[in-house]
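# Coordinate inspection notes
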Amino acid sequence: MYFWLFIAQLATLVLILGLLYRPLGDYMARVYTTRKNLKVERGIYRLIGVNPDSDQTWPVYLRSVLAFSAVGILILYGMQRLQQFLPYALGLPAVPEGLSFNTAISFVTNTNWQSYSPEVTMGYTVQMAGLAVQNFASAAVGIAVAIALVRGFALRKSGTIGNFWVDMIRGTIRILLPLSVIAAIVLLAGGAIQNFNGFDHITTLTGATQSIPGGPVASQEAIKEVGTNGGGFFNVNSAHPFENPTPWTNIFEIVLMLAIPFALPRTFGTMVGDKRQGYAILATMGTLFVASLVAMTLFEFAGNGTATMAAGGAMEGKETRFGIIGSTLFGTSSTLTSTGAVNSMHDSYTALGGGMAMINMMLGEVAPGGVGSGLYGILVIAIIAVFIAGLMVGRTPEYLGKKLGAREMKLASLYILATPTLVLVGTALSFAIPAVRADIEKTSMWNPGLHGFSEVLYAFTSAGNNNGSAFAGLTANTPWLNSALGVVMMLGRFLPIVFALALAGSLAAQDRVPATAGTLPTHRPQFIGLLIGTVILVSALTYFPVLALGPLAEGLK
Amino acid sequence: MSTTLTHPEVASHTPAPKTPQGAFSLGQLAKGLPGALRKLRPREMWHNPVMFIVEIGAALTTLLAIAQPFLGTQTSGGSAQSLAFTWSIAIWLWLTVVFANLAEAVAEGRGKAQAASLRQTRTSTMATRVTGYDAAIDAAAAHAGTEQVASADLHLGDVVVVTAGELIPGDGDIVWGIASVDESAITGESAPVVRESGGDRSAVTGGTRVLSDRIVVRITSKPGETFIDRMIKLVEGASRQKTPNEIALNILLASLSIVFLVVVLTLGPVAGYSGAAPSVPVLIALLVCLIPTTIGALLSAIGIAGMDRLVQRNVLAMSGRAVEAAGDVTTLLLDKTGTITYGNRQASEFTAVAGADQTELIRSAALSSLSDPTPEGTSIVTLAETLGYVHQGAVDGDVVPFTAQTRMSGIDFADGSQVRKGAASAVTSWVQESAPAPSTVLRELDAEVERVSQLGGTPLVVATRTAIGTASILGVIYLKDIVKPGLAERFADLRRMGIRTVMITGDNPLTAKHIAAEAGVDDFLAEATPEDKLALIRREQEGGNLVAMTGDGTNDAPALAQADVGVAMNTGTSAAKEAGNMVDLDSDPTKLIDIVSIGKQLLITRGSLTTFSIANDVAKYFAIIPAMFVGVFPGLQALNIMHLHSPASAILSAVIFNAIIIVVLIPLALRGVRYRPAMASSLLTRNLLIYGLGGIIAPFIGIKLIDLLVGVIPGF
């Protein structure tokens, strides 16, 4: 029965995403290639003083990204620190310094790591005018960078790679906003709440009083999934019935998370003028996704122990309205897309099932990854794969007609070097510095031993890969974790962006080498297999030892 | 036509390599050992970051092994670590570095022998320098003053006289005279070649010997920068610079090493949390096993061996960059004559026209060719003789040689009659000088000429003029271009490799088209001038193609310089040799195809061994990780899928495998991965299976076997 339920849910998902692939992908390609501007966009360009027809070189594009994000971080930090003066603060005080720092970075980097309980920390103004704005902005930045890299492949002998302000504004107005509005309405219909009620104090059947928080949840929820942000309105995120009321809203939210990341390969294929290339990337992402989902689901069903046997699987930490399948499907989607939303507590998964959530992030968020970041991530790994495979066919390697020389390899290597280094160094420092280690063991970890280690590793993996999901069971609102995770999130977001944009610049400057029979074809199953292998091998080789010390050692007890 | 004394057909075969190709013996290893040990100096190791890391690790482990007795019992991952273990790791790490250096030393050693023999020719000779040379008054320098100077003191632009028996003191062009020259010192070919002033055979190389006659040479190289000097540097690998692709690969390898360095450095504190901190030697062992040592060790050997393979085929690449570019070539420009067809066209048919007598045609054709020394002329006489013509007595008359202006040759007999053969238009107008030829005859002639052209042949028209001045057209000689056998298959191979072939010829489009079809080339450029050639290369490059070509004449120099791979013939002018980035000592234009294969093989070898090296890590993880922590987490024994004897033997076996695999792969690195022209995707499938899948499986077997041996040693 479970088997068919699993197949049915997966098939529904594949069907919907399949129907979306071409129209959404081609629509996005048009959005980023057309010369026409909407009236409202022209107004914004005039307001911020941008000429939408002038393209930027990669350093200028990069500076724009960094400046825009830096301003975003400052504004968000300021809003939190001045919360008590803002309207609709629900009487909540200013957010402490460390937490504000962490949260500002977290939302601007599309991570949405939350070291706090939102309903008792952030008022409506911070949530809507601060966090939600960054949910849109950070997602738009991600797509813009991906599009810039795609232009690198598509353009020939070009000094420029597009205009960041145009890409960011179009992405927000023409893609993210409409999708979010539709999604919010559907979620409202499904039972998610949308109000400004503050706390309702009610008396329960047993006579106890309880405070039920309200809030503009549906609108937040929509962009949280569409922009693969993941920062919940409530602490328990999508496990909360106000955020994710029913099994079908659960599937709907999963679709929202996956819609843009899975459609971007189409945008890529269309923009480079070879749709088969898009299908190859899609197939790579899809295969990894299904394989990971199957593994996690199997591990959860295989969880043993008296209670789990009775429940038919590891039900601890999962909502009964979603069941194991609805939970692993959500968990896999969330950890593979850099969303980081949860509808079940990953900390309570079996050791190997929780390990899968971690592995999903360790793959580098490329299957399909966050909005935009997934595409540029997998394109960089494709460059590495093409380089080695290209040598094996006896040619100086080229991908989509662009030669991969020393400069391209330097940037691609730095890209794949950045995140693992952040994750591993962050984790190691947490245990290497005696004072920090004492603090981690005493305050942060709720579980001793191997599981405690997994919690810390999970936190840094989540931050470094800009996922934002938490293993739970870790108190992250400490000076060390707030600042260390903040730095890791920031570098984990912007270092790869620097390398991806530099790569875009150097690719765009090249001419395109025509494909011949001697060129490595990058649209066949052979290449898809190779790319999957590279994704797995690169991350497996990097993380195998720490996984052995965490989930593996725990799971193989 | 060719003025070399060797028959053109001889040049078309690939000469047997002078050193045994791919052969690899223990003797070579022994010879390379001192060089390998010298290379251990950090100053030299530094150039290879991957192996430099290994050397630092080896030194550190050695220090720890020395210190261990004073530090008390060492534990790693919860189990005690014996002194024998630390020493074993230290020794095998040093061996890993030595093996890597050995690979490079062996590769270099192969070039050394050749360099030594070249060096002998460079010994200083005395040169006869002409003082105040004036080409206009005294081209032969017969009356000018001369002085004796050492060859090392010659400067650019000096003029020297070289007579029979002397060594030519430096690279230069002959400005006067003709001589036969023994160039065996650089080509290995014992037959002497003819060099003469003017034209495309005027270049001479310093260190070669003049066998006959006397020549005046203008020196075109600075001392110490002669062709031989450059050759010595090349075969020795002294001037070896990293090629662009090698640099790119090195960057990838370096960053992989950094990733693994981070992995290993962070492992200490992380494992320390669980009380499973591994000892430093164990961490170093893990690091060395993970970083891509196999390809790091063999990378430079692969590059040197690639150049060496070219040298063995008598091709000198001026840079490694050119060899790499050869692998990327997408368009090959091939000269028709000598590359696609044999250099000499041969008479295959006499066709009489306008009712002329066939016997008379044959007789006239033979007579007109008796004094024609070109291969065409000889072939006409030979064909005539097989058709029954018998020549009697000496020819009594004046030979009219072929000139570019008249485009005819023949004989003016003493009795006043004349016979001519030559291009149709030239001979027709010669005939019409006496009286207009009847239009029927002209039509018939045109039809025949057209027919021969369409067949890809060259039509020669034969005509006579009697003593009283009546001229008549006799018929047409069909000179056939003989396409070399087996070319069509080679071009099909090239097409599968994604390389387009373009035939370059001075023939008319009709002839060119026929030969192009017969040889199976993809395209042709007819009636090509050097300017056309250059324009074609530019056009191809505009479209993103990489172009390779051969050339020998001075007028080829711009095209050679423009081409991505320009192979100059050694018989060519120094301008051509200077412009190209490779020189073919055998002057065999067909070799271009081999050069492309060698370039591809070089890249394939690099890619395959990189894949193998990275794939190896999987098995090494399964050997080392459980061994590192099994003392604290017995559950990890499940990962010990090879069932290795003990943690110590598992780690040592992985390190030993890591070292030995380098030596095992040296022959492959030197010989190069087997390469057959094929589509990119089938090549990739094959190499992925062998080096990717093989790279995953092989170490599982290898480490297990080594472990069986190590497990027997007491203490492991």
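Residues numbered from 1 in each chain as written. Chains lettered and ligands numbered in written order. Predicted model: local features only at pLDDT ≥ 70, side-chain atom pairs only at ≥ 80, totals over all residues. Heavy atoms only, no water.

## Regarding the overall build of chain A
- Along its length, chain A carries 18 helices and 4 strands.
- A compact globule built from 557 residues should have a C-alpha radius of gyration of about 24 Å, and chain A, at 23 Å, falls within 12% of that.
- Projected onto the principal axes, the alpha-carbon positions of chain A cover approximately 75 × 60 × 50 Å.
- Of all 557 residues assigned to chain A, the portion counted as buried reaches 64%.
- Restricting the contact set of chain A to residue pairs at least 6 apart, pairs at least 24 apart contribute 78%. (Helix = DSSP H or I, 4+ residues; strand = E, 2+ residues; numbered from the N terminus. Rg over C-alpha atoms; globule rule 2.2 N^0.38 Å. Buried < 20%, exposed > 50% of the residue type's maximum accessible area, 1.4 Å probe, protein only. Contact = heavy atoms within 4.5 Å.)

## What about the overall build of chain B?
- In terms of helices and strands, chain B carries 24 helices and 24 strands.
- Taking all 716 residues of chain B together, 57% fall into the buried category.
- Residue pairs in contact within chain B that sit at least 24 positions apart in sequence constitute 71% of those at least 6 positions apart.
- Looking at chain B as shown, the accessible area adds up to about 27,900 Å², and 60% of this sits on carbon and sulfur atoms.
- For chain B, the distance from the average site of its 53 positive side-chain charges to the average site of its 64 negative ones is 10 Å. (Areas by Shrake-Rupley, 256 points an atom, 1.4 Å probe, with all protein chains shown as cover. Lys, Arg positive; Asp, Glu negative; His and termini not counted. Charge placed at Lys NZ, Arg CZ, Asp CG, Glu CD.)

## Looking at the sheet that holds strand β16 (residues 408-413) of chain B
Residues and elements named next belong to chain B.
- As summarised here, the arrangement of the 6 strands in space is β14-β19-β18-β17-β16-β15, forming an open sheet in which the pairing is antiparallel. The outermost strands of the open sheet, each flanked by one partner alone, are β14 (346-352) and β15 (397-400). Across this sheet, the average inter-strand angle for adjacent strands is 20°, counted without regard to direction.
- Bridge count for β15 against β16 is 4 bridges, and the pairing is antiparallel. Within β16, the residue paired with G397 across the bridge is F413.
- Across the face of the sheet, helix α13 (residues 358-369) comes into contact with β14, β16, β17 (418-422), β18 (458-465) and β19 (471-480) while running at roughly 140° to β14.
- Those strands touched by helix α14 (residues 375-386) are β14, β17, β18 and β19, and its axis lies near 60° from that of β14. (Pairing = 2+ DSSP bridges. Axes fitted to C-alpha atoms, helices over the stretch in contact; angles between N-to-C directions.)

## Topic: helix α23 (residues 647-671) of chain B
Residues and elements named next belong to chain B.
- Along its 25 residues, α23 runs 37 Å from first to last C-alpha, staying within 8% of the 36 Å computed at 1.5 Å per residue.
- The largest bend along α23 reaches roughly 40° and is located at L665, with the proline P667 sitting one to four residues downstream.
- Counting buried residues along α23, 19 of its 25 residues qualify, which places the element largely inside the surrounding structure.
- Remark: G672 follows α23 within two positions and exhibits a positive phi of approximately 90°. (Expected span 1.5 Å × (residues − 1). Bend = angle between axes of the 7 residues up to and from the residue.)

## Focus: the interface of chain B and chain A
- Listed by partner, the interface residues are 58 residues for chain B and 58 residues for chain A.
- Both sides together, the interface formed by chain B and chain A hides about 4,900 Å², and carbon and sulfur atoms give 76% of it.
- It is V270(B), Y273(B) and L684(B) that lose the most area in chain B upon contact with chain A, and together they represent 15% of the buried surface on that side.
- Applying the counting rule to chain B against chain A returns 1 salt bridge.
- Of the charged contacts in the structure, one is a salt bridge between D328(B) and K403(A), with a shortest N-O distance of 3.6 Å. (Buried area = accessible area lost by both parts, 1.4 Å probe. Salt bridge = Lys/Arg side-chain N within 4 Å of Asp/Glu carboxyl O.)

## As for the layout of surface pockets
- Approximately 630 Å³ is the volume found for the second largest pocket.
- Forming the boundary of the second largest pocket are 29 residues, of which G533(A), T534(A), L537(A), T611(B) and I614(B) lie nearest the centre.
- Contributions of two or more residues to the lining of the second largest pocket are made by α13 (373-392), α14 (406-432) and α18 (525-555) of chain A together with α8 (244-273), α22 (591-629) and α24 (680-710) of chain B.
- Looking at which element gives the most residues to the lining of the second largest pocket, the answer is α18(A), with 9 residues. (1 Å grid on protein atoms, 1.4 Å probe; cavity = no way out; pocket = protein on both sides within 12 Å on 5 of 7 lines; lining within 4 Å. Points joined across faces, edges and corners; volume = space filled by probe spheres on them.)

## Points about the packing of aromatic side chains
- For the structure shown, the criterion picks out 25 aromatic pairs over all chains.
- Consider the rings of F153(A) and F268(A), whose centres lie 6.4 Å apart with planes at 80°: the pair is edge-to-face. On the criterion of sequence distance, the pair formed by F153(A) in helix α5 (residues 124-154) and F268(A) in helix α8 (residues 247-272) is long-range, its members being 115 residues apart. Both residues of the pair, F153(A) and F268(A), belong to the buried class.
- In textbook terms, an aromatic cluster arises when at least three aromatic residues are bridged by ring pairs, as seen for Y88(A), Y124(A), F196(A), F233(A), F234(A) and F242(A).
- The cationic tip of K318(A) hangs over the ring face of Y349(A); the distance from NZ or CZ to the ring centre is 4.1 Å.
- The cationic tip of R465(B) hangs over the ring face of W430(B); the distance from NZ or CZ to the ring centre is 4.5 Å. (Phe/Tyr/Trp six-rings, centres within 6.5 Å; stacked < 30°, edge-to-face > 60°. Lys NZ or Arg CZ within 6 Å of the ring centre and 35° of its normal.)

## Quick notes on empty space enclosed by the protein
All names here are of chain A.
- Under the defined criterion, the tally for this structure stands at 6 cavities of 30 Å³ or more.
- Of the pockets and cavities examined, the largest cavity occupies roughly 340 Å³.
- Every residue lining the largest cavity is counted, 25 residues in all, and those nearest its centre are G364, E365, Y415, T419 and N465.
- Elements represented by at least two residues in the lining of the largest cavity include exactly α13, α14, α17 (479-508) and α18.
- In terms of residue count, α18 provides more of the lining of the largest cavity than any other element does, 5 residues in total.
- Partitioned by chemical class, the residues of the lining of the largest cavity number 12 nonpolar, 11 polar and 2 charged. (Nonpolar A, V, L, I, M, F, W, Y, C, P; charged D, E, K, R; others polar.)

## A closer look at the pairing of strand β3 (residues 126-131) of chain B
All names here are of chain B.
- Of the pairings in the sheet, the one linking β3 to strand β4 (residues 145-150) comprises 6 bridges and is antiparallel in character. What sits directly across from M126, in β4, is A150.
- Pairing of β3 with strand β5 (residues 159-163) involves 2 bridges; the strand directions are antiparallel. Each residue of the ladder has a partner; that of T128, found in β5, is V161.

## Topic: the domain arrangement of chain A
Residue and element names in this part refer to chain A.
- The domains assigned to chain A are domain 1 (2-200 + 211-273) and domain 2 (373-556).
- Distance from the C-alpha centre of domain 1 to the C-alpha centre of domain 2: 22 Å.
- Listed as interface residues are 42 residues of domain 1 and, on the opposing side, 43 residues of domain 2.
- Taking both sides of the interface into account, the surface hidden between domain 1 and domain 2 amounts to around 3,600 Å²; carbon and sulfur atoms contribute 72%. (Domains from an automatic or database assignment.)

## Some details on the sheet that holds strand β10 (residues 209-210) of chain B
Residue and element names in this part refer to chain B.
- If you walk across this open sheet you meet the 3 strands as β8-β7-β10, and the pairing is antiparallel. Whereas interior strands pair on both sides, the edge strands pair on one side only; in this sheet they are β8 (193-196) and β10.
- As paired elements, strand β7 (residues 178-182) and β8 share 4 bridges and run antiparallel to each other. Among the inter-strand pairings, V181 is bridged to a residue of β8, identified as V193.

## Some remarks on the side chain of T501(B)
- Structurally, T501(B) is set in strand β20 (residues 500-504).
- Those residues in contact with T501(B) that sit more than four places away from it in its chain are L332(B), L334(B), F491(B), L494(B), V521(B), D522(B) and D523(B).

## Focus: the environment of L74(A)
- Mapped onto the elements, L74(A) comes out in helix α3 (residues 58-81).
- As a C-alpha pair, L74(A) and I105(A) span 31 residues in sequence and 9.1 Å in three-dimensional space.

## Quick look at the pattern of salt bridges
- Summed over the entire model, instances satisfying the criterion amount to 40 salt bridges over all chains.
- Residues E433(B) and R465(B) are paired through a salt bridge, measuring 3.1 Å at the closest nitrogen-oxygen approach. With a gap of 32 residues between them, E433(B) in the loop between α15 (424-432) and α16 (439-454) and R465(B) in strand β18 connect regions that are remote in the sequence.
- Through salt bridges with shared partners, a single ionic network connects E221(A), K224(A), E225(A) and E243(A).

## Side note on unusual backbone geometry
Residue and element names in this part refer to chain A.
- The residue after A367, namely P368, is reached through a cis peptide bond having omega 0°.
- One can find P368 in the loop between α12 (351-362) and α13.
- Although it is not a glycine, L400 adopts a positive phi angle of roughly 55°.
- Of note, L400 is situated in the loop between β3 (398-399) and β4 (402-403).
- Classification of L400 by relative accessible area gives buried; the value is 10%.

## A few points about the environment of G272(B)
Residues and elements named next belong to chain B.
- Relative to the helices and strands, G272 resides in helix α8.
- G272 sits in the partly exposed class, given a relative accessible area of 24%.
- Measuring from C-alpha to C-alpha, the distance between G272 and V160 comes to 79 Å, with 112 residues separating the pair along the chain.

## Considering helix α11 (residues 323-336) of chain A
All names here are of chain A.
- Here α11 contains 14 residues, and its C-alpha end-to-end distance of 20 Å stays within 8% of the 20 Å for a straight helix at 1.5 Å per residue.
- Among the 14 residues in α11, 14 count as buried, and that is most of the element.
- In the segment just after α11, S338 is the residue with positive phi, at about 65°.

## Quick word on the packing of helix α1 (residues 2-33) of chain A against helix α9 (residues 275-302) of chain A
Residues and elements named next belong to chain A.
- Taken N-terminus to C-terminus, the directions of α1 and α9 make an angle of 160°; their axes are 13 Å apart at the nearest point. Judged on the interaxial angle alone, α9 and α1 are roughly antiparallel. The two elements α1 and α9 cross, and the hand of that crossing is right-handed. Residues Y2, F6, L10, L13, Y21, R22 and D26 of α1 lie in contact with α9, whose contacting residues are K275, G278, Y279, L282, F289, V290, L293, V294, T297 and F301.
- For the contact of α1 with α9, the class distribution of residues is 12 nonpolar, 2 polar and 3 charged. (Parallel < 35°, antiparallel > 145°, perpendicular 65-115°, else oblique. Left-handed = near helix turned anticlockwise from the far one by under 90°.)

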